[in-house]
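What follows is each chain in one-letter form.
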Amino acid sequence: MAIIKSGKVVIILAGRHAGKKAVVIKNVEDGNADDKRFSHCLVAGIARGPRKVTRGMSKKKVEKRSRTMKPFVKYINVRHVFPTRYQVDMDLKKVVDEADLVGDKKVEVKKNLKKIFEDRYLNQKQITSEKKAAGSSYFFQKLRF
């Protein structure tokens, strides 16, 4: 699928994280010879988003409320994701290595993802590209349905 590329914001449609937003890290078109013979992609998303922030809150309180974010990393079938029009320029390929997704290393990957997501959430104003800024703000908003 040419639509689902690295950096694309998608909505998970099935499974434990259904209704959550995620960013595509890697896309495998035809599947691999191992256990996944279908087209799938590696996604990193937000299982639990940041808490509500108002303009009157102090900077310290905003940082504290953003720490509630909980990330997830998962391989998912392409048919179970819904691509959106938004793109995010977070470089997650360096943080999420495919070999690290087994065992105790996955916990470290999630901790690093949490740092990246928190940093991006707190520094949304510093994104230069208008298109990337829209994607970033959409990614951190709660899905309304």
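Residues numbered from 1 in each chain as written. Predicted model: local features only at pLDDT ≥ 70, side-chain atom pairs only at ≥ 80, totals over all residues. Heavy atoms only, no water.

*Asks:* An account of the nonpolar core is requested, with residue identities and associated values reported.
*Replies:* In summary, soluble globular proteins display a tendency toward joint burial of nonpolar side chains. Ranked by size, the top nonpolar core spans 22 residues in total, and within it Leu92, Val96, Leu113, Phe117 and Phe139 carry the most contacts. Of all the secondary-structure elements, those providing two or more residues to this core are β1 (8–12), β2 (21–28), β3 (40–48), α2 (105–122) and α3 (130–140). Per element, the largest residue contribution to this core is four residues, and it comes from α2. Those residues in contact with valine 96 that sit more than four places away from it in its chain are Ile25, Leu42, Val73, Leu101, Val109 and Leu113. Grouped together as the second largest cluster of nonpolar side chains are twelve residues, Ile4, Cys41, Val43 and Ile76 included. (Core = buried A, V, L, I, M, F, W, Y, C linked by side-chain atoms within 4.5 Å. Buried < 20%, exposed > 50% of the residue type's maximum accessible area, 1.4 Å probe, protein only. Helix = DSSP H or I, 4+ residues; strand = E, 2+ residues; numbered from the N terminus. Contact = heavy atoms within 4.5 Å.)

*Asks:* Requested: an account of the environment of lysine 93, with residues and values cited.
*Replies:* Within the element layout of this structure, lysine 93 appears in the loop between β5 (81–87) and α2. Once the C-alpha coordinates of lysine 93 and glycine 56 are considered, the two residues, 37 residues apart in sequence, prove to be 36 Å apart. Beyond its immediate sequence surroundings of up to four residues, lysine 93 is in contact with Ser6 and Ile25.

*Asks:* How would you sum up helix α1 (residues 59–66)? Please name residues and give values.
*Replies:* Among all positions of α1, only Val62, Arg65 and Ser66 are buried. With its buried residues spanning 100° around the axis, α1 presents them on a single face. Facing away from the buried surface of α1 by more than 90 degrees, the exposed residues are Lys60 and Lys64. (Arc of directions from axis to C-beta.)

*Asks:* An account of the pairing of β2 is requested, with residue identities and associated values reported.
*Replies:* Burial analysis of β2 places six of its eight residues in the buried class, the great majority of the element. As judged from the three bridges shared by β1 and β2, these two strands associate in the antiparallel manner. Across the sheet, isoleucine 11 pairs through a bridge with lysine 21, a residue of β2. Bridge count for β2 against β3 is six bridges, and the pairing is antiparallel. Directly across from valine 23, in β3, lies its bridge partner alanine 44. (Pairing = 2+ DSSP bridges.)

*Asks:* An account of the packing of aromatic side chains is needed here, citing residue identities and associated values.
*Replies:* Applying the stated criterion across every chain, the model contains five aromatic pairs. Residues tyrosine 86 and tyrosine 138 carry aromatic rings whose centres are separated by 4.3 Å and whose planes lie at 20° to one another, so their mutual orientation is stacked. Residue tyrosine 86 is located in strand β5, and its partner tyrosine 138 is located in helix α3; the two are separated by 52 residues in the primary sequence. Given the relative accessible area of 17%, tyrosine 138 is considered buried. Chaining the aromatic ring pairs together yields one cluster made of Phe117, Tyr121, Phe139 and Phe140. (Phe/Tyr/Trp six-rings, centres within 6.5 Å; stacked < 30°, edge-to-face > 60°.)

*Asks:* Describe the packing of α1 against α2, with residues and values.
*Replies:* At their nearest, the axes of α1 and α2 sit 10 Å apart, and the two run at 145° to each other. For the pair α1 and α2, the sense of crossing is right-handed. Note on element contacts: α2 touches α1 through Glu118, Tyr121 and Leu122, opposite Val62, Glu63 and Ser66. (Axes fitted to C-alpha atoms, helices over the stretch in contact; angles between N-to-C directions. Left-handed = near helix turned anticlockwise from the far one by under 90°.)

*Asks:* Got a sec to walk through the side chain of threonine 84? Specific residues and values, please.
*Replies:* The residue threonine 84 is located in strand β5 in this model. A polar side-chain atom of threonine 84 sits 2.5 Å from the main-chain carbonyl oxygen of valine 9. The residues touching threonine 84, leaving out its near neighbours within four places in the chain, are Lys8, Val9, Val10, Ile11 and Tyr138. (Polar contact = N/O pair within 3.5 Å; in protein donor to acceptor, adjacent residues only side chain to side chain.)

*Asks:* Before we move on, could you go through the packing of α2 against α3 and cite the residues and values that matter?
*Replies:* The contact between α2 and α3 brings their axes to 10 Å, and the two run at 115°. The element α2 and its partner α3 pack so that their crossing is left-handed. Along the contact surface, α2 presents Phe117, Arg120 and Tyr121, while α3 presents Ser136, Phe139 and Phe140. In terms of residue class, the contact of α2 with α3 is made up of four nonpolar, one polar and one charged. (Nonpolar A, V, L, I, M, F, W, Y, C, P; charged D, E, K, R; others polar.)

Keep in mind these values describe shape, not function.
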